[in-house]
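A look at the structure
Now for the letters of each chain:
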Amino acid sequence: MGIFKVTPLRKRQFVGGLVGILIGVGIIVFFSLKSSEEYISLGPMNNGHEDLSCVACHADANGNLVQQIQSNISHAAGMREKNVDFGSQDVTVKNCLECHDRPNDRHPTYRFSEPRFKKAIKNIDATTCITCHSEHNGERVSVEAINYCMNCHQDLEVEDDPVDVPHSELIAKEQWFTCIQCHDFHGNHRYDVPTKLNDTIPLKTIQIYLDGGKDPYGTDKKYLGLSEPEWIKTLQNK
């Protein structure tokens, strides 16, 4: 009986395959470490989210990797009605509300599901947080212009208007940027709203705030979002 002889080509294939497997395992282990999250992230976390880990928003998708691939191939071939999340689940308004839901929100996302806002959400979809708070940009608000109040308040009428320049005049002149100079969108700050237009927060200061700078409305808030440890505790108590 002859001795089985391994050819040089077979040796190279074996070594190459082994090296490939080790590199693949090493990459998977590296990217699974919390210290590697900055290399995976699409950009800097938004203001206030610096201490969050990826899993706080990006939950693992259902099934294992092979099942996810098979399901999406079936969907592409028309054998399955819907595709499935790959790797991690899509981030939705539900993720945001797990830490930021509160009863005194002046503009809660669910409110914009009412039929009367059907036209407005075609211009700005306020039914989801990520329309204005797009993550991984290192800022607070990512909308291009702060005139979004115009989408719902064209017909606003204020009885006994306390402002020296009436709301009706500001609306007629389409000075929508003045809204956010007086009012914070979600109504979460405790502060005295100015009654004179000259006393309002400068537009440049507002823009710096939206970009992640100092809060011009003050630090006295009605509600603070949950930290990641607090959020984890809520999950454990369910």
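About the cut-offs
Residues numbered from 1 in each chain as written. Predicted model: local features only at pLDDT ≥ 70, side-chain atom pairs only at ≥ 80, totals over all residues. Heavy atoms only, no water. Helix = DSSP H or I, 4+ residues; strand = E, 2+ residues; numbered from the N terminus. Buried < 20%, exposed > 50% of the residue type's maximum accessible area, 1.4 Å probe, protein only. Contact = heavy atoms within 4.5 Å. Core = buried A, V, L, I, M, F, W, Y, C linked by side-chain atoms within 4.5 Å. Phe/Tyr/Trp six-rings, centres within 6.5 Å; stacked < 30°, edge-to-face > 60°. Salt bridge = Lys/Arg side-chain N within 4 Å of Asp/Glu carboxyl O. pLDDT = per-residue confidence, 0-100. Arc of directions from axis to C-beta.

1. A word on the overall build of the protein
When you go through the protein residue by residue, the secondary structure sums to nine helices and zero strands. For the protein, the α and β elements follow one another from N to C terminus as α-α-α-α-α-α-α-α-α. Among the 238 residues that make up the protein, the fraction classed as buried is 24%. Long-range pairs, those at least 24 residues apart, make up 61% of the contacts in the protein with a sequence separation of at least 6.

2. Overview of the nonpolar core
Formed by 14 residues in total, the largest nonpolar core has its most connected members in Val143, Ile146, Tyr148, Ile180, Ile206, Leu210 and Tyr217. Top element by residues in this core is helix H8 (residues 203-210). It accounts for three residues. Setting aside chain neighbours within four positions, we find Ile146 in contact with Trp176, Phe177, Ile180, Leu203, Ile206, Gln207 and Leu210.

3. Re the packing of aromatic side chains
Taken as a whole, this structure holds four aromatic pairs when the rule is applied. Ring centres 5.7 Å apart and planes at 85 degrees place the aromatic pair Tyr148 and Phe185 in the edge-to-face group. With Tyr148 in the loop between helix H5 (120-123) and helix H6 (167-172) and Phe185 in the loop between helix H7 (177-182) and H8, this pair connects stretches of sequence that are 37 residues apart. Following the ring pairs from residue to residue traces out a cluster consisting of Tyr191, Tyr209 and Tyr217.

4. Details of unusual backbone geometry
Its identity as a non-glycine residue notwithstanding, His136 has a phi of 70 degrees, on the positive side. Relative to the helices and strands, His136 resides in the loop between H5 and H6. Notably, Glu174 is not glycine yet its phi reads approximately 55 degrees, a positive angle. In this fold, Glu174 is placed in the loop between H6 and H7.

5. Considering the pattern of salt bridges
Scanning the model with the defined rule gives five salt bridges in all. In this structure, Lys94 and Glu98 form a salt bridge, with 3.2 Å as the shortest nitrogen-oxygen distance. Of the two residues, Lys94 and Glu98 both sit in helix H4 (residues 93-100), four residues apart, roughly one turn of that helix. Of the charged contacts in the structure, one is a salt bridge between Arg190 and Asp220, with a shortest N-O distance of 3.3 Å. Taken together, the residues span a long stretch of sequence, with Arg190 in the loop between H7 and H8 and Asp220 in the loop between H8 and helix H9 (228-236) at a distance of 30 residues. Among the residues examined, Arg190 registers a relative accessible area of 45% and is labelled partly exposed.

6. A word on the confidence of the model for the protein
In the predicted model, the protein carries a mean pLDDT of 86, and 90% of its residues have values of at least 70. The element-level mean pLDDT for the protein is lowest in helix H2 (residues 37-40), coming to 59, with H6 highest at 95.

7. Let's talk about the side chain of His167
Structurally, the position occupied by His167 is in helix H6. When neighbours within four sequence positions are excluded, His167 is seen to be in contact with Leu156, Val158, Asp161 and His183.

8. Digging into H8
Every buried residue belonging to H8 is among Ile206, Tyr209 and Leu210, and all of these are buried. The arc enclosing the buried residues of H8, seen along the axis, measures out at 95 degrees, which places them on a common side. For H8, the secondary structure elements touched by its buried residues are H7. Looking one or two places after H8, you find Gly212, whose phi comes out positive at around 115 degrees.

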